[in-house]
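What follows is the residue order along each chain.
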Amino acid sequence: MDKIYDVIIVGSGPAGMTAALYGSRAGLSCALIESNAPGGKLIKTFEISNYPSVKESSGVELAMSMFDHSTSFGAEFVSGEVVDIIDGDVKKVTLDDGSIVSGLSVIIATGTKERLMNIPNEKELTGKGVSYCAVCDGAFFKDKVVTVIGGGNSALEESLYLAQFASQVNIVIRRDVFRAEPIIQDRIEKESKINVIKKHVPKAIVEKDGKVGAIVLENVDTKETMEIDTAAVFPYIGLDPITDFAKKLGVCNEQGYIVVNEHMETSVKGIYGVGDCRVTVLRQVITACSDGAIAAQRIFHQLKG
Ligand code: NDP
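For the structure given in this document, a descriptive report is provided here. (Residues numbered from 1 in each chain as written. Predicted model: local features only at pLDDT ≥ 70, side-chain atom pairs only at ≥ 80, totals over all residues. Heavy atoms only, no water.)

**Examining the pattern of salt bridges**
- Inspection of every chain in the model, using the stated rule, returns 14 salt bridges.
- Between Glu114 and Lys44 there is a salt bridge, with the nearest N and O atoms lying 3.4 Å from each other. Here Lys44 lies in the loop between strand S2 (30-34) and helix H2 (59-70) and Glu114 lies in strand S7 (residues 112-114), a separation of 70 residues in the sequence.
- The exposure class of Lys44 is partly exposed, given its relative accessible area of 32%. (Salt bridge = Lys/Arg side-chain N within 4 Å of Asp/Glu carboxyl O. Helix = DSSP H or I, 4+ residues; strand = E, 2+ residues; numbered from the N terminus. Buried < 20%, exposed > 50% of the residue type's maximum accessible area, 1.4 Å probe, protein only.)

Below, the structure written as C-alpha cells:
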C-alpha cells in the first residue's frame, strides 16, 4: 500500500514551509508539494526588510534559507502541480502527472497569482516586454524606459528595484494617491529616475518589431488617451488566490479565498488553509509563517493527542 502521510502541504511559500518545519519537527510525516521552485512569492521579491531578525535580505536568500530549515526534520519535497483533492478519512491529492499522494490531513498553502490587466497585446507580448516579475526580468531593460502599473506595495517595491537598471521608471496609478505603505512611498519620492503618472489606466500595449514598444493610457477623468514609449510593462495590480483545485470542496469564498477558523481549519475536517490564499487582514511573510505553524500544531494535537 502507498504511503499515507500525516500531513500533505500544498505549496512551498513561507506558509507551507513553516507548516513542514513545525509538522516534521513534531514527528509528523509531511509531504511538501510544489510545482515551481520552493519559496513562493519570496523568490520573486527583490528585498525583504520587515521579517524580524532579518534586517535586509533578498527574497531568494530568505527562501533558500527557509527551505533548507523546513526540510531538515524529514519533510519530503514532492515536485508537481496539484489538480484535485478528494476528501475522505484518507485524503487523495492528485498531481498533474496523474499520481496520487495520500494523507490524513491537507494544508493548502498555494498563495496568490498576479492579476492580469486584460488589455490588447498583454498576452501576446508576455515574455516580449510584458513581465509579472521585475526581479526575474528587470536586468534585460538596462538603460531603457520601463512602465509599472499599480500603486500598491508590490508595484512600488519592484519600481525601486527596476530603477537600478532602467533609464526611467514610469509608475501608472488610477487614483491620485498610492495604496502602498508610507515608508515605501518616501523612497519612491527620493528616486529621481521614477516618474509617477496619476489618474491614468492602461488601455493597450503597442507592439513594435515583435516586442513592447509603447503603452496607451487613458485619463480616468477626461477619457483622453496618450501613448508613451516604453520597452517593458510590469503590471502589479493585485493578486488572486490559487485555489481552483479546491473549489469543489466548498471551502472558498466568492473571491476564491479559503475560509478558516483560528486554527486554520476549513469547514471540511482535516483540510486547512494558510497564508495568502486564505481570508485574512494581512498578507506578509510573517503572517504566512504564523498560519503554517498554527495549522501544523493543530494537526499534531488532532492526530497524536
Ligand atoms: P494591492 O491590491 O495592494 O495594490 C494593487 C494596486 O493596483 C493598487 O494601486 C490598485 O489601485 C491598482 N489596480 C488594481 N486594479 C487595477 C486596474 N484594473 N488598473 C489599474 N490599476 C489597478 O496589490 P499588491 O500586489 O501590491 O499587494 C498585495 C498584498 O501583498 C497587499 O496586502 C500588500 O500589502 C502585500 N504586500 C506586502 C509587501 C510588503 O509589506 N513588503 C510587499 C508586496 C505585497 P487602487 O489603489 O486605486 O485600488
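**Re the site of the ligand**
- The full set close to the ligand counts 17 residues, and Gly151, Glu157, Arg175, Arg179 and Gln284 are the nearest of them.
- The separation between a nitrogen atom of the ligand and a polar side-chain atom of Glu157 is 2.9 Å.
- Its free accessible area being 920 Å², the ligand has 76% of it covered by the protein chains.
- Broken down by element, the shell around the ligand gets its largest block of residues, 3 residues, from helix H4 (residues 153-162).
- Of the residues assigned to the shell around the ligand, the class counts are 3 nonpolar, 8 polar and 6 charged. (Near = heavy atom within 4 Å. Polar contact = N/O pair within 3.5 Å; in protein donor to acceptor, adjacent residues only side chain to side chain. Areas by Shrake-Rupley, 256 points an atom, 1.4 Å probe, with all protein chains shown as cover. Nonpolar A, V, L, I, M, F, W, Y, C, P; charged D, E, K, R; others polar.)

**Thoughts on the pairing of strand S13 (residues 225-229)**
- Inspection of the sheet shows strand S12 (residues 211-219) paired to S13 by 5 bridges, in the antiparallel sense. Bridged to Val216 within S13 is Glu227.
- The antiparallel pairing of S12 with S13 creates a hairpin that spans 5 residues between the two strands, and Lys223 there sits at a positive phi of about 70 degrees. (Pairing = 2+ DSSP bridges.)

**Examining the sheet that holds strand S10 (residues 194-197)**
- Strand order in the open sheet formed by 4 strands is S10-S9-S8-S14, with parallel pairing between adjacent strands. Edge positions in the open sheet fall to S10 and strand S14 (232-235), since each of these has one partner strand only. Averaged over all pairs of adjacent strands, the angle between their axes in this sheet comes to 20 degrees, without regard to strand direction.
- In the sheet, strand S9 (residues 168-172) pairs with S10 via 4 bridges, with the strands oriented parallel. (Axes fitted to C-alpha atoms, helices over the stretch in contact; angles between N-to-C directions.)

**Quick look at the sheet that holds S13**
- In spatial order, the strands read S11-S12-S13; together these 3 strands make up an open sheet with antiparallel pairing. Taken across any chain shown, the strands that pair with only one partner, and hence form the sheet edges, are strand S11 (200-208) and S13. Strand-to-strand twist in this sheet, taken as the mean axis angle between neighbours without regard to direction, amounts to 25 degrees.

**With respect to the packing of helix H1 (residues 14-25) against H2**
- In the contact formed by H1 and H2, the axes pass within 8 Å of each other and the chain directions differ by 25 degrees. One finds that H1 runs roughly parallel with respect to H2. Judged by the twist between their axes, the crossing of H1 over H2 is left-handed. Between H1 and H2, the contacting residues are Pro14, Met17, Ala20, Leu21 and Ser24 on the first element and Ala63, Met66, Phe67, His69 and Ser70 on the second. (Parallel < 35°, antiparallel > 145°, perpendicular 65-115°, else oblique. Left-handed = near helix turned anticlockwise from the far one by under 90°. Contact = heavy atoms within 4.5 Å.)

By themselves, these are just geometric observations and shouldn't be taken as functional.
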